[in-house]
Amino acid sequence: MSKRIIFLFLLLQLLGAVSITQTPKPPETIFIRAGKFFDSEKAVLLPARDIIVKGNIIESVGENLPVPAGATVIDLRELTVLPGLIDSHTHLLYLESPKNDLTLEGIKALTIEGTPLRALRGAARGKTFLMAGITSVRDLGNSGRFGDVALRQAINEGSVEGPRMYVSGPGLSPVGGQFPGLKSNYQAIAEEEYRIIRGAEDARLAVRENVTLGARVIKIYSNNTPNPGYLSIEEMRAIVDEAHLMGVKVAAHATDDKAVRRAVEAGVDSIEHGYQIEDATLALMKEKNVVLVPTDVSSSELKRYFELSGKPVPGDPKAAVEPQSDRLRRAIKAGVTIAAGSDNYINFEMPQGAAAKRVLFAYQESGVELTQILQWATFNAGKLVADGRIGVIKPKALADIIAVAGDPTKDLAAIEKVKFVMKNGTIYMRP
Ligand SMILES: [Zn+2]
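Just so you know, the residues in each chain are numbered from 1, in the order the chain's sequence is written. Since the coordinates come from a predicted model, pLDDT governs what is reported: local features require at least 70, and pairs of side-chain atoms require 80 or more to be given and counted, while whole-chain, interface and lining totals use all residues. Hydrogen atoms and water are omitted, and side-chain values are computed over all heavy atoms in the structure.

Engineer: Help me understand the overall build of the protein chain, please; the structure alone is not making it clear to me.
Structural biologist: Helix and strand counts for the protein chain stand at 14 helices and 17 strands. Taken along its principal axes, the extent of the C-alpha atoms in the protein chain is 65 × 65 × 45 Å. Counting every position in the protein chain, which comprises 431 residues, the buried fraction comes to 55%. For the protein chain, the share of sequence-separated contacts (at least 6 apart) that also reach a separation of at least 24 residues comes to 69%. Surface accessibility follows the Shrake-Rupley procedure with a 1.4 Å probe radius. Residue values consider only the protein chains on display as shielding. For the protein chain, the exposed surface amounts to about 19000 Å²; the carbon and sulfur share of it is 56%. For the protein chain, the distance from the average position of its 52 positive side-chain charges to the average position of its 50 negative side-chain charges is 4 Å. Only runs of H or I of at least four residues qualify as helices and only runs of E of at least two qualify as strands under DSSP, and these elements are numbered from the N terminus. Think of it in three bands: with a 1.4 Å probe and only protein chains considered, a residue is buried below 20% of the maximum accessible area for its type, exposed above 50%, and partly exposed in between. In this analysis, two residues are considered to be in contact whenever any of their non-hydrogen atoms come within 4.5 Å of each other. His is not counted here, nor are the chain ends, while Lys and Arg score as positive and Asp and Glu score as negative. For charged residues, the charge sits on one atom: NZ in Lys, CZ in Arg, CG in Asp, CD in Glu.

Engineer: So what exactly am I meant to see when it comes to the environment of Ala-154 here?
Structural biologist: Tracing the backbone shows Ala-154 in helix H4 (residues 147-156). Through-space distance from the C-alpha of Ala-154 to that of Ala-119 is 9.8 Å; in sequence the pair is 35 residues apart. Once residues within four sequence positions are removed from consideration, Ala-154 is found in contact with Ser-159 and Val-160.

Engineer: Is there a simple way to explain helix H10 (residues 299-309) in this structure?
Structural biologist: Since the α-helix packs 3.6 residues into each turn, any two residues three or four apart lie on the same face. Where H10 is concerned, the buried positions are Ser-299, Glu-301, Leu-302, Tyr-305, Phe-306, Leu-308 and Ser-309. Where H10 is buried, its residues touch helix H11 (317-333) and helix H13 (358-365).

Engineer: In this structure, what is going on with helix H6 (residues 200-212)? I would like to understand it.
Structural biologist: In this model H6 runs 18 Å from its N-terminal to its C-terminal C-alpha over 13 residues, within 8% of the 18 Å that 1.5 Å per residue would give. Along H6, the residues that are buried comprise Asp-202, Ala-203, Ala-206, Val-207, Asn-210 and Val-211. Relative to the axis of H6, the buried residues are bounded by an arc of 170° and lie together on one face. In H6, the exposed positions angled more than 90 degrees off the buried face are occupied by Glu-201 and Thr-212. Where H6 is buried, its residues meet strand S9 (171-173), strand S10 (194-196), strand S11 (217-221) and helix H7 (233-245). Gly-214 lies just past H6 and shows a positive phi near 120°. One fewer than the residue count of a helix, multiplied by 1.5 Å, yields its expected span. Throughout, the arc means the angular range of directions from the helix axis out to the C-beta atoms.

Engineer: Quick question: what am I supposed to make of the pattern of salt bridges here?
Structural biologist: Side chains bearing opposite charge may pair, as long as their charged atoms lie close to each other. A carboxyl oxygen of Asp or Glu within 4 Å of a side-chain nitrogen of Lys or Arg is what we treat as a salt bridge. Counted by the stated rule, this structure contains 31 salt bridges. Notably, a salt bridge pairs Lys-108 with Glu-105, separated by 3.3 Å at the nearest N-O pair. Of this pair, Lys-108 and Glu-105 both sit in helix H2 (residues 102-113), 3 residues apart, roughly one helical turn. Given a relative accessible area of 42%, Lys-108 falls into the partly exposed group. Judged by relative accessible area, Glu-105 falls into the buried class, the value being 4%. Note that Arg-195 and Glu-209 form a salt bridge whose closest N and O atoms lie 2.9 Å from each other. With Arg-195 in strand S10 and Glu-209 in helix H6, this pair connects stretches of sequence that are 14 residues apart. Connected through salt bridges with shared partners, the residues Glu-201, Arg-204, Arg-208, Asp-241 and Glu-242 form a single ionic network.

Given below as structure tokens:
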């Protein structure tokens, strides 16, 4: 083996020497004139700005910049320019009919649909995210065995067009995954979609497996609703310890206060959903710098869900979403950092990328200021998902830039009028 490594090393040196003798093609320069500019770091809308992009990196941002020689000029003076939107919680390889439940749809995805077809359909969904101005997603499981890693590779190499994907591989779960009702002799089916954890040492091993096989974030189920289990604190501590050792963050599905509190105590980086959180737990999240990803649903989506399911709408949808609104307002008051995430795996009979953006309207319904919502979907999500390399338009950031018609800081509907999309310096949509 060592001989092969030496050979490889010499080969790399040789290739390096060859490349010096060739003149490398300079990266393309793009000069963008923005009519209005959303500063995601400060959460304010600024007047006209110019942006210079070189290759896949933002080089400079300022007022009345000179156009560099040979640059392609893109005129967005009629539009509002923002960082590409980020969805911190997606499932590109899973789409559920409102007519069925998670167990039936999940098992169907595994046994009838199969991973290759799921990945192909995920690619088609990914394109709708990109066209909706969502240039990055953090995809958290429900992808079979590493179908998400395959889709990410296809996108990164340019075989298909889609958002940047930060993927988890199978989520680490207590027994049964999220498939309640599976009989004991069919539990192995759950292990096709989830990595079932059996103790702290196994939890460490699961992290090593996932990261080695391509995961760049670890997804855990502090509680695996709708099943009744909880991971032990020892298991979650082992997961966090091993993940941080390998340089990846831990995202914890946690729906009730107990699950949230245990995951926060174990040291996770983000709480997903957190539908019920007590004030004392919110204070602990703030203290330990744990991000909340509130995958909330608006009253209109809730109503639509029941209409599509064929079941009667249970009571008043506005009253039904009030508890999640209340905890969101309490989280803001407690100073908890929030990142936008849709978790929208329901088939609303519309492009999934457009459906994913509905979560921003749910936040609005809870009374959150629009500039804050936009910051959650850009700057805050970028810090959580990619350590600040995305979600911001400033020098050295990756060139993910979108433009919309109208002013989304005054009317959120503008976010649905995407006219320009750039990801990693490549333009996918232009006015
Ligand atoms: Zn989810």
